[in-house]
Amino acid sequence: MSDDGPIAEGGAALVCNGLAYSFGETRAVDGLDLSVTAGEVFGLLGPNGAGKTTAIRCITTLLPVPAGMVRVLGHDAARERMAVRRLLGYVPQQLSADAALTGRENVALFARVFDVARRERADRVAQALEAVDLTEAADRMASTYSGGMVRRLELAQALVSAPRLLMLDEPTIGLDPIARTSVWDHINAVRAATGMTVLVTTHYMDEADQYCGRVALMHRGRIRALGTPEALKADLRDRRGDGAKPTLEDVFRDVAGSGLDAQGGEFRDVRRTRRTASRVG
Ligand SMILES: Nc1ncnc2c1ncn2[C@@H]1O[C@H](COP(=O)(O)OP(=O)(O)OP(=O)(O)O)[C@@H](O)[C@H]1O
């Protein structure tokens, strides 16, 4: 922790205040307020077009912060971009592994990009591959990997720089249930070993319920509800008072109301798939 610079305010790994970002007339992020506690798994949920990816891209410094403030472990994302980048790991929605390289070469590439010290690189690459159970497959071309293996490889790429805050944009989309569980098991094992903070977006409500300590519903660029899945469900149950047990999806339908369908968004699995395996094949 000593070489990370400023101490995070109030134990927060990430703070966004009034973050806003527009694409032309489209206000993708519209005054986002968020505080993610160090060490937690935080789920950022919302229908298609809610602004989740745009917010993540601002936090990871891939987009500027034109309005509002973003701080990662006390570092300002607008003014200290390199410091923020050194603290972050990012697994984007888009495929980030190269089919024409081996698993080890893919992770080594990220180690170079993220400036892992040359003398440590081989060990750190091996550790990252081990952490996601890809040691045996490490020297095979990524084009031979299954979709779940590719996703774990992308996780290793993000982990090789030993991030304090891991950002995952729909990490399990398009994977079968066993591969989804495997991805989460590996994320949780690394988190338990390192204490890193995880911010994840997902359309899978069951995953958010099971794996996230707290979740926030983002809709039309803003947070509309935030809390533990249990608290959010209990609150809706109390308000409805009909004895039925709401799911997390019920909570978010309640919060976003008819605006969901008007925007064409769905909280349930939207049946999009990254087609990971076929795209690297
Ligand atoms: N490069 C871009 N150019 C123009 N508009 C964009 C661009 N990227 C996103 N948008 C718009 O910004 C809004 C927020 O999009 P964003 O991708 O951040 O949402 P999201 O919550 O991540 O959605 P999804 O769940 O589908 O990934 C949408 O209206 C989208 O059409």
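Residues numbered from 1 in each chain as written. Predicted model: local features only at pLDDT ≥ 70, side-chain atom pairs only at ≥ 80, totals over all residues. Heavy atoms only, no water.

- The chain is annotated in an unreviewed UniProt entry as ATP-binding cassette domain-containing protein of Streptantibioticus ferralitis.
- Under the Subcellular location (unreviewed entry) heading, UniProt states for the chain: "Cell membrane". (UniProt positions renumbered as here; feature names shortened; annotations may be inferred.)

**Re the packing of aromatic side chains**
Here's step 1: Per the stated rule, a full pass over the model turns up three aromatic pairs.
Here's step 2: On the numbers, 6.1 Å between centres and 25° between planes, the contact of F110 with F114 is stacked.
Here's step 3: The exposure class assigned to F110 is buried, which follows from its relative accessible area of 18%.
Here's step 4: Residue class for F114 comes out partly exposed when judged on its relative accessible area of 29%.
Here's step 5: Considering the side-chain rings of W184 and Y211, the 4.5 Å spacing of their centres and the 5° angle between planes classify their relative orientation as stacked. Here the residue W184 occupies a position in helix α6 (residues 177-194), and Y211 occupies one in helix α7 (residues 205-211), the gap between them amounting to 27 residues.
Here's step 6: We classify W184 as buried; its relative accessible area is 0%. (Phe/Tyr/Trp six-rings, centres within 6.5 Å; stacked < 30°, edge-to-face > 60°. Buried < 20%, exposed > 50% of the residue type's maximum accessible area, 1.4 Å probe, protein only. Helix = DSSP H or I, 4+ residues; strand = E, 2+ residues; numbered from the N terminus.)

**Observations concerning the pattern of salt bridges**
Here's step 1: Under the definition given, this model contains 13 salt bridges.
Here's step 2: Its salt-bridge partner being E207, residue R180 comes within 2.6 Å of it at the nearest N-O pair. On the criterion of sequence distance, the pair formed by R180 in helix α6 and E207 in helix α7 is long-range, its members being 27 residues apart. Here R180 matches E207 in class, with each residue buried.
Here's step 3: R239 is paired through a salt bridge with D235; the nearest N and O atoms lie 3.1 Å apart. Placement of the pair is R239 and D235 together in helix α8 (residues 229-240), with a separation of four residues, close to one helical turn.
Here's step 4: For D235, a relative accessible area of 40% translates into the label partly exposed. (Salt bridge = Lys/Arg side-chain N within 4 Å of Asp/Glu carboxyl O.)

**A word on the pairing of strand β10 (residues 222-227)**
Here's step 1: Of the pairings in the sheet, the one linking strand β9 (residues 214-219) to β10 comprises five bridges and is antiparallel in character. If you follow L217 over to β10, its bridge partner there is A225.
Here's step 2: Here β9 folds back onto β10 in antiparallel fashion, the turn holding two residues, of which R220 has a positive phi close to 50°. (Pairing = 2+ DSSP bridges.)

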